[in-house]
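Descriptive structure summary
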Amino acid sequence: MAVQLGAEEKMLIDMVRDLVRERVAPRAAEVDATGEFPWDIKDLLAQQDILAMPFPEEYGGLGSSEVTILMVIEELARACATTSLILCVQQLGALPILLAGTDDQKRQWIPRLATGEWLAAYALTEPGSGSDAAAMRTRAVRDGDHYVLNGLKHFITNAGIAHVNTVFAITDPNAGVRGITAFVVEDGTPGFHLGKVENKMGIRGSQTGELVFEDCHVPVANRLGKDGDGFKIAMSTLDRTRPGIAAQALGIAQGALDFAVAYSKQRVQFKRPIGDNQGIQFMLADMEIQTEAARQLVYHAGEMIDQGAPDFGHYSAIAKTFASDTAIDVTNDAIQVLGGYGYMKEFPVERMMRDAKITQIYEGTNQIQRIVIARNLQKRQS
Ligand code: COS
């Protein structure tokens, strides 16, 4: 399957490739080492309109196709997974507004997300509700023209740096999944603050932390959809964004493979480049087979979304599972090709392996993806 891109999209991908080589790749190791959010890179993505890609033109965005967004995420992740996550989460945090918001709500928040002036966050997970998203405890109680939020969200990407936080909370504790409602909580809202910031294995430049709600008054005007719509909004958002994580995993795998191939050509042992050995060639070939297979699944999921296929979530889950498992296998093998050098921080492949691990976990573990896939299979036959 060859994805057909228009001339503009091709130019955009070429521009991103140059940008990554010149500006992103040279910063990647430092971003990982310091663990600080790369504001300069965020500004660069904003200036180049990359953060505008997921948003419709009428709200100041580029209105890019999902396939193009995935290709850009892939290019960014080849050099720096943290950088690619900035685009992924801008889409993740804003999608509930695009899917369920009114025109007024979209006009209120989307244009400044599209320019990159504001960042977005998606706050679903809590200490006691990870895979079981419906087990959340954060409460939202209606009080006149406000809701009062109390609770804690954790492992939230962009915690404390996002202006627009999409937050899911229980409005009816007796209604199960139909008692969850979605809100936008803006940075600076009284009763809303950053809690603990996590120290992570990978994607270290991305800020992950807790969001704390203590009698936080959120206007009714900030509710997305109706009371009780929250769980469906959360799930249909993830159906659309999981291919972004798959694209990130694909980019990491491609970056590690590129590095391993180059190394195998110049590293000499036993008087010849190690890449002349069939043992290494077979490893490189297997890495390429997996990476290329992942690419086809990622682009296919994007095309399903672009076409509005009714079961695109099925293909999102497949792409995310396969691409993230591939990223782990390929980065692991890349380290092996480099031998002892692969284990050292002087070379990028150990960082790539640490970054790859999260793609098997966030936006739904690969075990959850398999549940989604299996349930879809059963539904098709019912
Ligand atoms: N799109 C729209 N609606 C969906 C949906 C989807 N993809 N998946 C489920 N729903 C709806 C169901 O139709 C059902 O609605 P009704 O009660 O009206 O029929 C409701 O949501 C509950 O569905 P279900 O019974 O399948 O929910 P479960 O509690 O069993 O959870 C999983 C389903 C496991 C798929 C869900 O909890 C999940 O995705 N967990 C992972 C969460 C995650 O990805 N976290 C990462 C956060 S971002 S880093």
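Computed from a predicted model, the values in this text were never measured in an experiment.

1. A look at the side chain of T291
Following the sequence through the fold, T291 ends up in helix α7 (residues 278-307). Within the structure, T291 has its side chain in polar contact with the backbone oxygen of M287 (distance 2.7 Å).

2. Remarks on the nonpolar core
I50, V72, L87, L149, V185, F213 and V298 are the most contacted members of the largest nonpolar core, which has 87 residues in total. Sort the elements by how many residues they give to this core and helix α6 (residues 230-266) lands first, with 11 residues. Those residues within four positions of V72 in sequence are excluded, and the remaining contacts are L12, I13, V16, I50, M53 and L87. If you look at the next biggest cluster of nonpolar residues, it comprises 28 residues, including F55, Y59, L98 and W118.

3. Some words on the site of the ligand
Surveying the vicinity of the ligand reveals 21 residues, the closest of which are S131, R178, D239, R242 and R375. Here an oxygen atom of the ligand and a side-chain polar atom of K232 are 2.9 Å apart. Calculation on the ligand without its partners gives an accessible area of 1000 Å², and the protein chains cover 69% of this total. Every element with two or more residues in the shell around the ligand is listed here: α6 and α10 (366-380). Broken down by element, the shell around the ligand gets its largest block of residues, seven residues, from α6. Considering only residue class, the shell around the ligand consists of 10 nonpolar, five polar and six charged.

4. Some thoughts on unusual backbone geometry
Even without being glycine, F155 reaches a positive phi, approximately 60°. Phi is positive for D215, close to 45°, though the residue is something other than glycine. Within the fold, D215 resides in strand β7 (residues 208-219).

5. Focus: the pattern of salt bridges
Counting across every chain of the model gives 21 salt bridges. With a closest N to O distance of 3.3 Å, K42 and D43 form a salt bridge. Residue classification places D43 among the partly exposed residues on the basis of a relative accessible area of 34%. Within this structure, R17, E75, R78 and D258 form a network of salt bridges that share partners.

6. Re helix α3 (residues 66-79)
Taking 1.5 Å of rise per residue, the 14 residues of α3 would be expected to cover 20 Å, and the 21 Å separating its terminal C-alpha atoms lies within 8% of that figure. Within α3, 13 of the 14 residues are buried, which leaves it mostly tucked inside the rest of the structure.

7. Focus: the packing of aromatic side chains
As enumerated under the stated definition, the model contains eight aromatic pairs in all. Pairing F37 with W39 gives two aromatic rings, centres 4.7 Å apart and planes at 70°, and the pair type is edge-to-face. Clustering of aromatic rings is evident, with ring pairs tying together F259, Y263, Y341 and F347.

8. Concerning the side chain of T83
For T83, the position within the fold is in helix α4 (residues 81-100). Excluding its chain neighbours within four sequence positions, the residues that come into contact with T83 are V24, I41, L45 and L76.

9. Observations concerning the domain arrangement of the protein chain
Entries for the protein chain in the domain assignment read domain 1 (7-114), domain 2 (120-231) and domain 3 (232-381). Inter-centroid distance (C-alpha atoms) of domain 1 to domain 2 is 23 Å. Across the contact, 23 residues belong to domain 1 and 21 residues belong to domain 2. The contact between domain 1 and domain 2 buries some 1800 Å² in all, and 66% of this surface belongs to carbon and sulfur atoms. Considering only the side of domain 1, the residues that lose the most area to domain 2 are F37, V89 and W109, jointly responsible for 27% of the buried surface there.

10. Looking at the packing of α3 against α6
Where α3 meets α6, the closest approach of the two axes is 7 Å, and the angle between their N-to-C directions is 40°. Handedness of the α3/α6 crossing: right-handed. Here E66, L70, I73, E74, A77 and R78 of α3 lie close against α6, whose contacting residues are R240, P243, G244, A247, Q248, L250, G251, I252, Q254, G255 and D258.

11. What about α7?
With 30 residues, α7 ought to run about 44 Å at 1.5 Å a step, and its terminal C-alpha atoms sit 43 Å apart, in line with that. Of the residues flanking the end of α7, it is G308, one or two places downstream, whose phi is positive at about 65°.

12. Comments concerning the environment of L119
Looking at the secondary structure, you find L119 in the loop between α5 (103-114) and β1 (120-123). The buried category is assigned to L119, whose relative accessible area is 2%. The sequence separation of L119 and G251 amounts to 132 residues, and the corresponding C-alpha distance is 23 Å. Setting aside chain neighbours within four positions, we find L119 in contact with F37, W39, K42, I86, Q90, L113, N158, I161, A162, H163 and V164.

13. Observations concerning the environment of T138
Within the element layout of this structure, T138 appears in the loop between β1 and β2 (139-143). Sequence separation between T138 and L149 is 11 residues, and the spatial gap between their C-alpha atoms is 7.1 Å. Once residues lying within four places of it in the same chain are set aside, the contact partners of T138 are E126, N150, G151, L152, K153, F168, A169 and I170. At 2.7 Å, the side chain of T138 forms a polar contact with the side chain of E126. From its side chain, T138 meets the backbone nitrogen of L152 in a polar contact 3.4 Å long.

About the criteria used
Residues numbered from 1 in each chain as written. Predicted model: local features only at pLDDT ≥ 70, side-chain atom pairs only at ≥ 80, totals over all residues. Heavy atoms only, no water. Helix = DSSP H or I, 4+ residues; strand = E, 2+ residues; numbered from the N terminus. Polar contact = N/O pair within 3.5 Å; in protein donor to acceptor, adjacent residues only side chain to side chain. Core = buried A, V, L, I, M, F, W, Y, C linked by side-chain atoms within 4.5 Å. Buried < 20%, exposed > 50% of the residue type's maximum accessible area, 1.4 Å probe, protein only. Contact = heavy atoms within 4.5 Å. Near = heavy atom within 4 Å. Areas by Shrake-Rupley, 256 points an atom, 1.4 Å probe, with all protein chains shown as cover. Nonpolar A, V, L, I, M, F, W, Y, C, P; charged D, E, K, R; others polar. Salt bridge = Lys/Arg side-chain N within 4 Å of Asp/Glu carboxyl O. Expected span 1.5 Å × (residues − 1). Phe/Tyr/Trp six-rings, centres within 6.5 Å; stacked < 30°, edge-to-face > 60°. Domains from an automatic or database assignment. Buried area = accessible area lost by both parts, 1.4 Å probe. Axes fitted to C-alpha atoms, helices over the stretch in contact; angles between N-to-C directions. Left-handed = near helix turned anticlockwise from the far one by under 90°.

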